[in-house]
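Residue-level structural notes
Residue strings, one per chain:
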Amino acid sequence: MLTVNAYAATSATEPLAPTTIERRDLGPDDVLIDIRFSGICHSDIHTARSEWGPTPYPIVVGHEIAGVVREVGSAVTKFAVGDRVGVGCLVDSCRECDNCRKGLEQYCLKGSTGTYGGVGRDGEPTQGGYSQAIVVAEAFVLRIPDGIELDAAAPLLCAGITTYSPLRHWNAGPGRRVAVIGMGGLGHMAVKLAHAMGAEVTVLSQSLKKREDGLRLGADNYYATSDEETFRELAGSFDLIINTVSATLDMDAYLRLLAVDGTLVNVGAPEKPLSVHAFSLIPARRSFAGSNIGGIAETQEMLDFCAEHGLGAEIEVIPAEKINEAYERVLASDVRYRFVIDASTF
Ligand SMILES: [Zn+2]
Ligand SMILES: [Zn+2]
């Protein structure tokens, strides 16, 4: 076993603190990755604070991992020492059920294994990316193309795929009008990706504070949702809306912005249930949907797409000692647009 430095949450209320954790011995199909950068996702905060149900403490969160292969198991075929690689939200699944066979490991019928907070193949709790190194089965390791810097690549492993997958599934592309609710970690990636896919992109943000950034990243239009005129003007005008906000919004108001056959997809996850009036759906055959990250093959497709289009996340790199401060800034929407921890500081 390998002992590595990490930052862990020890309770819902204590700040994250330095610690050490053990990584399992390398199995035949395992890859040992030296982590270089680890993104901070809002889910990390929800989990560290037990906001999505009880968390098994101590826990090392982090599922936006970018690094370099240090060692490979005897049966590994896809990766070699020195390869640039990433790990996202999943580190395993049953690999046999209908969904896994279709490349939808995130919807594994037996439950996929989360990068943190799950149970690994060694029977131990999985611990995530806020650490120096990680051991992952090669089937769940992604290749980071040379065209993307490792720090800007890290957030693609969650924020990137979480928005790429619904954009692809609901056919964002030329001639399609896509709106993105929220200009945060997920939202800014949705804007970049939808624009690169050729869609007409509109940002629906609380205020116009990030308007310049939105337009620079690829948005064609930018509206403030605090202005009621926005909802009158845009009624019935989108084919697809990606909701990246994890606060409870007035879903009926947003659903009315969809054209006939339009779909509103939730990728943000509020703690409380969302309410929807049937009459926001019926008059225009609208759909109200959800989407969870993407499968492994699709995550690789997203990374390759980003490299081809010169896309990465907009990031602020921080040392590990600033994690708790960064959490407060994420909650205050004071980050443009993703914190990435420099793993050499763990
Ligand atoms: Zn995430
Ligand atoms: Zn499965």
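Criteria and cut-off values
- Residue positions are counted from 1 within each chain, in the order its sequence is given.
- Numbering of ligands from 1 and lettering of chains from A proceed in the order in which they are written.
- pLDDT decides what is reported in this predicted model: residues at 70 or higher carry local features, side-chain atom pairs at 80 or more are listed and counted, and totals for whole chains, interfaces and linings draw on all residues regardless.
- Working from all heavy atoms in the structure, the side-chain values ignore hydrogens and water.
- Atoms of type N, O and S within 2.8 Å of a metal are treated as its donors, and for Na, K and Ca the window is 3.2 Å; water is not considered, so some sites may appear to be missing partners.
- Metal sites are grouped by the angles between bound donors: all angles between 85 and 135 degrees with four donors is tetrahedral, opposite donors over 155 degrees apart with the others between 65 and 115 is square planar for four donors and octahedral for six, and any other pattern is irregular.
- A helix here means a DSSP run of H or I that spans at least four residues, while a strand means a run of E at least two residues long, and both kinds are numbered starting from the N terminus.
- Buried means the residue's accessible area, taken with a 1.4 Å probe over protein chains only, is under 20% of the maximum for its type, while exposed means over 50%, and partly exposed covers the values in between.
- Angles shown run from 0 to 180 degrees and are taken between the N-to-C directions of axes, each axis being a line fitted to C-alpha atoms and, for helices, limited to the stretch in contact.
- Note that the term roughly parallel is reserved for angles under 35 degrees, roughly antiparallel for angles over 145, roughly perpendicular for angles of 65 to 115, and oblique for everything else.
- Put simply, a crossing is left-handed when the front helix is turned counterclockwise from the back one by less than a right angle, and right-handed when it is turned clockwise.
- Only heavy atoms enter the contact rule, under which two residues are in contact if any of them lie within 4.5 Å.
- Three residue categories are used. Nonpolar comprises Ala, Val, Leu, Ile, Met, Phe, Trp, Tyr, Cys and Pro, charged comprises Asp, Glu, Lys and Arg, and polar comprises the others, including Gly.

1. Brief notes about the coordination of the zinc ion (ligand 2)
- Those protein atoms acting as donors to the zinc ion (ligand 2) are C94 (SG), C97 (SG), C100 (SG) and C108 (SG), and they sit at 2.3 to 2.4 Å.
- In this structure, the zinc ion (ligand 2) is coordinated by 4 donor atoms arranged in tetrahedral fashion, with angles at the metal of 104 to 120 degrees.
- Considered as a linear motif, the donors of the zinc ion (ligand 2) on their single chain read C-x2-C-x2-C-x7-C. Placement of C97 in the loop between strand 6 (90–92) and helix 2 (98–101) and of C108 in the loop between helix 2 and strand 7 (113–114) is noted, with a sequence separation of 11 residues between them.
- On the basis of relative accessibility, which here comes to 9%, the residue C97 falls in the buried class.
- Given the relative accessible area of 8%, C108 is considered buried.

2. Some words on unusual backbone geometry
- With an omega dihedral of -5 degrees, the bond running from Y57 to P58 counts as a cis peptide bond.
- The topology assignment puts P58 in the loop between helix 1 (42–48) and strand 4 (65–72).
- Even without being a glycine, N171 presents a positive backbone phi close to 60 degrees.
- Structurally, N171 can be placed in the loop between helix 4 (159–169) and strand 10 (177–181).
- Despite not being glycine, I293 has its phi angle at roughly 35 degrees, a positive value.
- Mapping I293 onto the fold places it in the loop between strand 15 (287–290) and helix 9 (296–308).

3. Digging into the packing of helix 4 against helix 5 (residues 185–196)
- The geometry of helix 4 relative to helix 5 is characterised by a closest axis approach of 8 Å and an angle of 50 degrees between their N-to-C directions. One way to sum up the angle between helix 4 and helix 5 is to call them oblique. Read as a crossing pair, helix 4 and helix 5 show a hand that is right-handed. For the pair helix 4 and helix 5, the contacting residues are A159, G160, T162, T163, Y164 and L167 in the first and G185, L186, M189, A190, L193 and A194 in the second.
- Of the residues in the contact of helix 4 with helix 5, the class split is 8 nonpolar, 4 polar and no charged.

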